[in-house]
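Summary of structural features
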Amino acid sequence: MKLKIAVLAGDGIGPEVTQQATQILRAVAELGGHDFTFVPGLIGGTAITETGSPLPTATLDSALECDAVLLGAVGDNKFNALPPDKRPEAGLLQIRQALGGFANLRPSIAYAALSESSPLRPEVTKDVDILFVRELLGGLYFGAPRWWNKETNEAINTMRYTRDEVVRVARVAFELAAKRRRKVTSVDKANVLEVSQLWRATVTEVAKDYPSVTLEHQLVDSMAMHIMNIPRNFDVVLTENLFGDILSDEAGVITGSLGMLPSATIGGAVNLYEPVHGSAPDIAGTGKANPLGAILTAAMILRHSANLEQDAKAVEQAVHKILDAGYRTADIARGQQPGQTPVSTQEMGKLVHQALAESIDRRQAMHAV
Ligand code: NAD
């Protein structure tokens, strides 16, 4: 398997966590005999410092020639005075748009070992494994007209979807659900919004092509409650841009730390993979960053860009194993609890690497028998 991955480490803890994620990818390549190449590129504040632009043309051109983009995080307080289109975050928005991914995938998983880190009770979060599929290029964030008239104190945004935009993201959700627990929950506000009525009618139509997958519809307001009350009931949650933005953040509390959350954006020219967290300037350079969100993002590259499902699972299992063994970066540590070992960013990366190597060795030994 050959894979060319653009690595845009970015700012703050971005380089620290992407280093751990690429080491995991290198290990998978080495252990499985794959040919992964890594193409570094500048983005965000570091790109502004070196080139004057948050997304230099060279970065975008080389990203477009790769099979996948792994992005760390962008954001640096020293650029806070710049206008929004010149700040590090502009580079992120530009690359997302240029790569054209329309389906944003965000898993929300409860790790038994971290059940105390979530504000929800362990019996509520137990065994939760939700995959959000959020439409990323349409809806309220992109619809026109949009304006703010400061004379009349009136402002407008437009929630607009076409049938084709709903079909393509719904297909992603059904395809993924077919490989999981075969249930799609589509979230809308069809009791009030015409856009949601189009959404619901279209998703219902697409569902006919996936008879093995159960479809249910939920209204976004009640869904916000169900996710907190009975998160275990959900497998793939399909929704439009704004609702998905809010609900996937809400479900993030199930996992317990921002540092644990991966994401992927697929369907465009090149898939974009990034941990959910930002550049965390408050802990950058201290060795406190949790690299697991980035490492789990690497697992998503294996699953969605390399078609190496077994290896993706092996990385995820290695993360489970290390957490079960009590290793904790600062964000997921709970005081001086017995059985917990505090570790740095690098140590955590190394531990996952070791656990992964052991599991791949075991798998290869079994094949050899
Ligand atoms: P943040 O995600 O950077 O940090 C929020 C809090 O979570 C901080 O206390 C931080 O220390 C902690 N945290 C985040 N990731 C962590 C990790 N891996 N391990 C341990 N702790 C972690 O959000 P913020 O503070 O609101 O923003 C900081 C900068 O990042 C800003 O410039 C913002 O614009 C940018 N940002 C970038 C992205 C992105 O690149 N995708 C996303 C969000 C924010």
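Here's what I pulled together on the structure shown here. (Residues numbered from 1 in each chain as written. Predicted model: local features only at pLDDT ≥ 70, side-chain atom pairs only at ≥ 80, totals over all residues. Heavy atoms only, no water.)

Quick look at the overall build of the chain now. Secondary structure summary: the chain contains 12 helices and 14 strands in total. Relative to the globule expectation of 21 Å for 369 residues, the C-alpha radius of gyration of the chain, 21 Å, shows essentially globular dimensions. Each principal axis of the C-alpha atoms in the chain carries an extent, and together these give about 60 × 50 × 45 Å. Out of the 369 residues belonging to the chain, those deemed buried represent 51%. Within the chain, counting contacts between residues at least 6 apart in sequence, those at least 24 apart form 76% of the total. (Helix = DSSP H or I, 4+ residues; strand = E, 2+ residues; numbered from the N terminus. Rg over C-alpha atoms; globule rule 2.2 N^0.38 Å. Buried < 20%, exposed > 50% of the residue type's maximum accessible area, 1.4 Å probe, protein only. Contact = heavy atoms within 4.5 Å.)

Mapped onto the elements, asparagine 271 comes out in strand E12 (residues 271–273). A residue is classified by how much of its surface remains accessible, and asparagine 271, at 13% relative accessible area, is buried. Looking at asparagine 271, its side chain comes within polar contact range of the main-chain nitrogen of glycine 267, at 3.4 Å. (Polar contact = N/O pair within 3.5 Å; in protein donor to acceptor, adjacent residues only side chain to side chain.)

Inspection of the secondary structure puts methionine 225 in helix H8 (residues 220–229). Using a relative accessible area of 51% as the deciding quantity, one classes methionine 225 as exposed. Sequence separation between methionine 225 and arginine 121 is 104 residues, and the spatial gap between their C-alpha atoms is 15 Å.

It is worth spelling out the site of the ligand at this point. The ligand sits among 20 residues. The nearest are Glu89, Gly278, Ala280, Asp282 and Asn290. Here glutamate 89 contributes a side-chain N or O atom positioned 2.5 Å from an oxygen atom of the ligand. Aspartate 282 is positioned such that a nitrogen or oxygen atom in its side chain is 2.9 Å from an oxygen atom of the ligand. Residues belonging to the shell around the ligand are distributed by class as follows: 10 nonpolar, six polar and four charged. (Near = heavy atom within 4 Å. Nonpolar A, V, L, I, M, F, W, Y, C, P; charged D, E, K, R; others polar.)

It is worth spelling out the sheet that holds strand E2 (residues 35–40) at this point. One open sheet holds the 10 strands; their spatial order is E2-E1-E3-E12-E11-E4-E5-E10-E8-E9, and the pairing between them is mixed. Unpaired on one side and paired on the other, E2 and strand E9 (214–219) mark the two borders of the sheet. Strand-to-strand, the axes of this sheet are offset by a mean angle of 25 degrees, without reference to chain direction. With three bridges connecting them, strand E4 (residues 103–109) and strand E11 (residues 264–266) associate as antiparallel partners. From the neighbouring strand, asparagine 104 faces E11, where its bridge partner is threonine 265. (Pairing = 2+ DSSP bridges. Axes fitted to C-alpha atoms, helices over the stretch in contact; angles between N-to-C directions.)

So, about the pairing of strand E1 (residues 2–10). Burial within E1 is extensive, with seven of its nine residues counted as buried. Pairing geometry for E1 and E2, over six bridges, is parallel. Across the sheet, leucine 3 pairs through a bridge with phenylalanine 36, a residue of E2. Crossover handedness for the path E1 to helix H1 (residues 14–32) to E2: right-handed. Bridge analysis of E1 against strand E3 (residues 68–73) gives five bridges, and the strand direction is parallel. Bridge assignment links alanine 6 to a residue of E3, and that residue is valine 69. (Right-handed = clockwise from strand over helix to strand, strands pointing away.)

Following the criterion strictly, the structure yields two aromatic pairs and no others. Pairing tyrosine 161 with tryptophan 199 gives two aromatic rings, centres 5.5 Å apart and planes at 70 degrees, and the pair type is edge-to-face. One end of the pair, tyrosine 161, is in the loop between strand E7 (154–158) and helix H6 (163–178); the other, tryptophan 199, is in helix H7 (residues 194–207), and 38 residues separate them in sequence. Take tyrosine 161 and tryptophan 199: they sit in the same class, and that class is buried. (Phe/Tyr/Trp six-rings, centres within 6.5 Å; stacked < 30°, edge-to-face > 60°.)

This next bit is on the pattern of salt bridges. Within the structure shown, the criterion is met by 20 salt bridges. Between aspartate 127 and lysine 126 there is a salt bridge, and its shortest N-O distance comes to 3.4 Å. We classify aspartate 127 as exposed; its relative accessible area is 56%. Across the salt bridge formed by aspartate 129 and arginine 180, the nearest N and O atoms sit 3.3 Å from each other. With a gap of 51 residues between them, aspartate 129 in strand E5 (residues 129–135) and arginine 180 in the loop between H6 and strand E8 (183–188) connect regions that are remote in the sequence. Judged by its relative accessible area of 26%, aspartate 129 falls in the partly exposed class. A residue is classified by how much of its surface remains accessible, and arginine 180, at 26% relative accessible area, is partly exposed. One network of salt bridges, with partners in common, ties together Asp129, Arg180, Arg181 and Asp235. (Salt bridge = Lys/Arg side-chain N within 4 Å of Asp/Glu carboxyl O.)

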